Amino acid sequence: MINKVKNFLWPLAFGVALIMAWQFGLFHKILKLKPFQLPVPTEIASTLAANLPKALTDCGVTISGALIGLIIGSLLGFMIAAIATFFPKWGYGGMIVVTALNAVPIVALSPIMNLWFSTGMQQKIGVVTVVCMAAMALNAYSGLNNLNPYSIDLMHSVAANKWTIFTKLRLPNSLPHLFTATKINIASSIIAAIISEYFAASTAGLGFGIKDNLRKAEMAMGWSYIVVASLAGVILYCIILLVERDALKWHASQK
Amino acid sequence: MKKSKFTSLVAVIMLILLAATGCSSAATPDTTKTTPAKLEKVTLQLKWLPQSQFMGYYLAQAKGYYKDAGIDLEILPGGSDIIPEQQVYNGVANIGVTWVSSLMKYQSKGWGLVQTGQIFQKSAMLLVSKASSGINTPADLKGKKIGSWFGGNEFEIYALLEKNALKKDTDVKLVQQDYTMNQLLKGEIDAASAMTYNEYGLLLESGLKDSDLHVINMNDAGVAMLEDCLFVNSDWISKNQDLYVRFMKASIKGWAEACADPAAAGKIVFDVDKSVSLDHQLYMAKEVAKLVVPTGFDPANIGSIDPAAVKQTADLALKYGLLTKAAVISEDTVTSKYWKLATTK
């Protein structure tokens, strides 16, 4: 119990110290910045409080785009991995293509998607989908194929067909990998959604808010969007952690 | 053992590099008194890419007017995420070109920047629509999709809308416009922001004729805000007054020549960067000349600051939400002192 409190107190103390140093100008001194270049936490907080409804609406736009893209991308990624597992001879080609796609930087992808889709939301979902596909495909593939030694032999010995092997052995085995992929994808989907908004036609969303306000010298407003984006990311990550803990009770890593 | 030696070697090299870059960045902003025979280094931060919008500086550079004034001028191109106010304040550049409305915003937030010259006497901002979309007056914008580049470029449009009793959030749909005119050409938006000297030319180059387009000009609509001006860091100018006046003198000479013969100036600009096409730079040079020396404007006054226009910009910026409190217009924020010194000597 005491250990648990300690585990919690140390990071908290560190965080508070960091914010205090920021508030009382330590960073400003080190980086030779004026408060109008780097607003202090209280100013960011009061700006955020004053503009909360708008910030939350923009947050909703970004997060919904990120989540829809995450779901579509993850499903596609999983399907590619499953196909590569069922039909290893030709299906693995899909894995190679998806890995190659992963190398395309988001900054290059966004303006291109902008030409393909007419609304900001479609463009955002498109970008996030592509970004999320690879992590899911790669993780799912290793989860579906790195099986316990002899387990597949056991399945064969009881004459299980491909489908039974998939649902009874491969799928449960891949579950921890799927969560790993989702945890990676939560962060990258939000990053991708925000960056895509830099280029989108739409004027809603956290990305547009950050870019537009920082250009117009509204530093505190820009920072409050950054705070909202970080909070949203952390909350989503925590949700995934909780779901994972619940779904993987049987797994060694949760004991 | 070998490995740790190698890492320490790498660390040492990194340190040396760090020290070297640290020294050089510390050395560049120091443009105060060096030996008189040597050229003094000055950097100019443009608001946008190298193009005829800035032909006066390029012409003066090409003809050696800055060298004659003892200045080694470096011209830094701008871009969508390069903000001249921040570049000049941070000391990346000494002198910057930006829009007055945007500069006022930074000044109101406490950035120690001062406007020292006004190159464009007129606003070049247009809202362009296809003639077929039937937008003949600003009031026709109701219910339409309007493109803007935002980041401070939207305030003339806000002013235009409000002046015509249209609410920007409910009566129209504002959309972020990219730096091409494709959204208008493809019909994704009804009206697009366009500068007389750049985007409007792109439309004409894409095969449209003046008669195919309808234009709302911010000057005619009474909502013009001042655009390209010169500004400096307040601390820098207090130590480099003479240097700045020499820069200004050479620049005014460059602008005067460029406006007298835009075709030659456009060619010079195109040779610098080969941006877009020679035709586009020539078109831009011709249009920019009209902004720097409008009809009836005495070319001897190139670069001068019109207090009435500054006031209109400040008033519109306050009225339509760019500024939250009225801009302080004083010698510390807008000054004609250096322009006078540059033109009388």
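Residues numbered from 1 in each chain as written. Chains lettered and ligands numbered in written order. Predicted model: local features only at pLDDT ≥ 70, side-chain atom pairs only at ≥ 80, totals over all residues.

## Remarks on the overall build of chain B
- The number of helices and strands found in chain B is 14 helices and 10 strands.
- Residues classed as buried in chain B amount to 48% of the 345 residues present.
- Contacts in chain B between residues at least 24 apart in sequence constitute 81% of all its contacts with a sequence separation of at least 6. (Helix = DSSP H or I, 4+ residues; strand = E, 2+ residues; numbered from the N terminus. Buried ≥ 20, exposed ≤ 12 C-beta atoms within 10 Å, placed from the backbone. Contact = placed C-beta atoms within 7 Å.)

## Examining the interface of chain A and chain B
- Taken together, the contact pairs 11 residues of chain A with 14 residues of chain B.
- Split into classes, the residues belonging to the side of chain A that touches chain B amount to 5 nonpolar, 3 polar and 3 charged. (Nonpolar A, V, L, I, M, F, W, Y, C, P; charged D, E, K, R; others polar.)

## Describing the confidence of the model for chain A
- Confidence in the prediction for chain A averages 90 pLDDT; 98% of positions are at 70 or higher.
- Averaged over each element, pLDDT in chain A is lowest for helix α6 (residues 106-116) of chain A (81) and highest for helix α4 (residues 52-86) of chain A (95). (pLDDT = per-residue confidence, 0-100.)

## Topic: the domain arrangement of chain A
- Segmenting chain A into domains produces domain 1 (1-38) and domain 2 (41-254).
- For domain 1 of chain A and domain 2 of chain A, the distance between their C-alpha centres works out to 30 Å. (Domains from an automatic or database assignment.)

## Considering unusual backbone geometry
Residues and elements named next belong to chain B.
- Of note, F150 is a non-glycine position whose phi angle comes to about 55°, a positive value.
- Turning to its location among the elements, F150 is positioned in the loop between β6 (145-148) and α6 (155-163).
- In the Ramachandran plot, V276 falls in the positive-phi region, its phi being about 55° despite a non-glycine side chain.
- Structurally, V276 can be placed in the loop between α11 (262-273) and α12 (278-292).
- By C-beta crowding, V276 is classed as partly exposed, having 18 other C-beta atoms within 10 Å.

## Focus: the nonpolar core
- Judged by nonpolar contacts, the single largest core of 107 residues is most densely connected at M55, V128, A285, V292 and A317 of chain B.
- Examining the composition of this core, we find that 10 residues originate from one element, helix α10 (residues 241-260) of chain B, more than from any other.
- Setting aside chain neighbours within four positions, we find V292 of chain B in contact with I119, F120, Q121, W255, C259 and I302 of chain B.
- Of all hydrophobic cores here, the second largest spans 48 residues; its members include M113, M136, F179 and A192 of chain A. (Core = buried A, V, L, I, M, F, W, Y, C linked by C-beta atoms within 7 Å.)

## Brief notes about the sheet that holds strand β4 (residues 113-118) of chain B
Residue and element names in this part refer to chain B.
- Sheet architecture is open: 5 strands sit in the order β2-β1-β3-β10-β4, paired in mixed fashion. Two strands close off the open sheet at either side, each with one partner strand: β2 (71-76) and β4. Neighbour-to-neighbour, the strand axes of the sheet open up by a mean angle of 30°, direction not taken into account.
- Relative to strand β10 (residues 228-233), strand β3 (residues 95-99) runs antiparallel, the two being bridged by 5 bridges. Bridge pairing links W99 to D228 in β10. (Pairing = 2+ DSSP bridges. Axes fitted to C-alpha atoms, helices over the stretch in contact; angles between N-to-C directions.)

## Some thoughts on the packing of helix α2 (residues 55-62) of chain B against α10 of chain B
All names here are of chain B.
- Interaxial distance between α2 and α10 falls to 7 Å at its minimum, and their mutual angle equals 105°. As the angle between them shows, α2 and α10 are arranged roughly perpendicular. For the pair α2 and α10, contact is made by M55, G56, Y57, L59 and A60 and by A250, S251, K253, G254, W255, E257 and A258, respectively.
- Partitioning the contact of α2 with α10 into residue classes produces 7 nonpolar, 3 polar and 2 charged. (Parallel < 35°, antiparallel > 145°, perpendicular 65-115°, else oblique.)

## Remarks on the domain arrangement of chain B
All names here are of chain B.
- Looking at chain B, the domain boundaries give domain 1 (40-121 + 226-344) and domain 2 (125-217).
- Here the C-alpha centroids of domain 1 and domain 2 sit 26 Å apart.
- Across the boundary between the two partners, domain 1 contributes 15 residues, which contact 10 residues of domain 2.
- Every element with two or more residues in the side of domain 1 that touches domain 2 is listed here: α5 (100-108), α12 and α13 (307-319).

## Focus: α12 of chain B
Residues and elements named next belong to chain B.
- Taking 1.5 Å per residue, 15 residues should reach 21 Å; α12 reaches 21 Å between its end C-alpha atoms and fits that length.
- Taken residue by residue, α12 has H280, Q281, L282, Y283, M284, A285, V288, A289, L291 and V292 as its buried positions.
- For α12, the secondary structure elements touched by its buried residues are α2, α8 (199-205), α10 and α11. (Expected span 1.5 Å × (residues − 1).)

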